[in-house]
Structure formats: C-alpha cells, structure tokens
Amino acid sequence: TSYFMKLGTQTFAITLIAAFGLGILLIALLTRNLRTIIQTVKRFEEGDYQARIPVQKSGELADLSETFNHMADTILKNIEELKEVDKLRRELIANVSHDLRSPMSVIQGYIETMMIKGDKLSPDEQKKYLEVIFKSSEKLNKLVADLFELSKLEAKQVKLHKERFNFNELLQDTAQQYQLKAEEKGIRLKTEFAAEAMVNADIALMQRAIQNLMDNALKYTPENGEVAIKASLKNNQLEVAITNTGKGIPEDQLPHIFDRYFMLDKEKHGIDGSGLGLAIVKKIIDIHEASITVASKVDGDTSFKMILSAA
C-alpha cells in the first residue's frame, strides 16, 4: 500500500508538472501571436501603412488578422484616393491660373483701351474691340467649363445615368447640328449608320463625347475636305468611327493624342483650342468601360473609333 501511494504521488506530481509546463508553452505561443498583432497595429498607427499581420491557418486569431488586414487595405485605398483628389485639385488650380491668364489679359487690355480713348474711337473701332472682347470671353467660358468637367471626370465625381437608346439617333442629331458649320468651311459631311444600334449609356455624356470628336475633326479638316460618321455592328459590339481628311497625325504623337493639353502642332496648323476636348472624350469612354482608338497617317485620313457593347 505504501508503494502504490508513493507511486501515485509521483505520477500525480509528474502529471501536474507536465500540465503546468504545457500550459506555460501554450500561453507563450498565444501571447507570441498577440504580441505580433499588437506590434503590427502599432506600426500601422505610426504610419507604416504597408504593415500586415501574418495570417495563421485557422482560429479566432486568424480571423482577427484577416479582419485587420482587410481594414488596413481599405484605409490605404481611401488614403490614396484622397491624395489623388488633392493632386487633381492642385493641378486644376495651377492650370486655371495659367490658362485663364491669356484671355483675361486680352479682355482687360481692350476694356482699358476703350476706357482711355472713350469717344475718340470710331463706331467701327468700338465694334471691333467689342467683338474681340466677346470672343475672348467665349473662349474663357469654354476653357473654364472644360477644366471643371475634366477635373470632375478624373476625380470620379460624375455619376452615370445609363439608359437604353438608339445610338443612331444621337449620331444623326449631332450630324445635323454640325451640317451648317461644315458647309461654311466647304467640308462634306457623310453619314453611314447601322440598321440597329441600341446601347446602354449616359446620353448626355455620349453626346458630349461625339461633339468633341466632331469639333476636333472639323478643326483639322481643310477646305473641300470630308468628315465621315460611320456606325456598324460587329460581334454584338457597336463601332462608331469619325474620320476626317487632312494632314494626319505623326506616328510619334499618336500615343499622346488623349493627353490633357496636348495639341497637334498648334502653331503650324493655326488651330485654336484648349487641348482638353479629346482628354474629356477618353475619360467619358473609360467610365463607360468602353474603348476608343485613333489611327492616322501623315497627309492621310485620321479616324477615331469607339467600341461599345450593344444592348
């Protein structure tokens, strides 16, 4: 009996020590994972936004780690978006201050001249001055509108109002609007539409895109040239091409054609504009998850092609 009591006591003691050691080991492992989580959270709090918790295979700590990592990714994404909006805001202010200086200087200069000379100006001179002021104010108004529209598109502050409509009707209306302007420049305007051209898109934005493309085409088409609007259906996709004759675009400048403020050899062509029209078109097409490309040859045709999903 004494032997068995002694053996039982020793076994109990060994078991107790083993359990105590195992408990300490488990607590150490648990606190180690907790320490890792706490250290990672502190790093993130101190500004290391790339800090992430290593995710274990399973368990509550793994769920906690995944939740924190997801939260960190969301915060980082929001921070990047805020930085991008702030960058666009600063760029807009810089661009506005630079681009508005020219028309404002013209308007101010002619108004000062009229104030100084007063009655000394003949009616014809007054009319001429007022026409210059009016054209400069129109240019100023369009520039401001384009700048703010492009800024809103780049900042993703434009909400799409999609609806199903016949794209042919939009193209037909636009062609009619530009018919008189084309005739004044001696430009032939041709149209060719698909039998069916239903799409889901924002009508107002798509109209703006087509108008900007038409403005660009008429600007660079010489007298007795031709502008063609064509819509066709291929593999359940609507292809809309606006093509114009002219001097074409050099190959090295094609990759920059949709860049903000890019204008094709402005002085050589004598074209007046802000260089924002095609940038606006690209942003409108992008938010519709569609595509636009340009193909051109020097001293040949230039063609802008939009591809949208048919509805």
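Details of the structure are given in the entry above.
Residues numbered from 1 in each chain as written. Predicted model: local features only at pLDDT ≥ 70, side-chain atom pairs only at ≥ 80, totals over all residues. Heavy atoms only, no water.

Asker: So what's going on with the sheet that holds strand β2 (residues 188-192)? Which residues, and what values?
Answerer: Pairing is mixed in the open sheet, where 5 strands are placed in the order β2-β4-β5-β7-β6. Each edge of the open sheet is held by one strand with a lone partner, namely β2 and β6 (291-296). Along the sheet, successive strands turn relative to each other by an average axial angle of 15 degrees, direction set aside. Strand contacts of helix α6 (residues 203-220): β2, β4 (226-234), β5 (237-244), β6 and β7 (302-309), with the helix running at about 25 degrees to β5, the strand carrying the most contacts. (Pairing = 2+ DSSP bridges. Helix = DSSP H or I, 4+ residues; strand = E, 2+ residues; numbered from the N terminus. Axes fitted to C-alpha atoms, helices over the stretch in contact; angles between N-to-C directions. Contact = heavy atoms within 4.5 Å.)

Asker: Lay out the pattern of salt bridges with the relevant residues and their values.
Answerer: The full count for this structure, using the stated rule, is 7 salt bridges. Between Asp215 and Lys181 there is a salt bridge, with its nearest N and O atoms 3.8 Å apart. Of this pair, Asp215 sits in helix α6 while Lys181 is found in helix α5 (residues 167-184), placing the two residues 34 residues apart along the sequence. Asp286 serves as the salt-bridge partner of Lys282, at 3.0 Å between the closest nitrogen and oxygen. In this pair, Lys282 and Asp286 are both assigned in helix α8 (residues 277-287), 4 residues apart and thus about one turn of the helix distant. Taking relative accessible area as the criterion, Lys282 reaches 26% and is therefore assigned partly exposed. (Salt bridge = Lys/Arg side-chain N within 4 Å of Asp/Glu carboxyl O. Buried < 20%, exposed > 50% of the residue type's maximum accessible area, 1.4 Å probe, protein only.)

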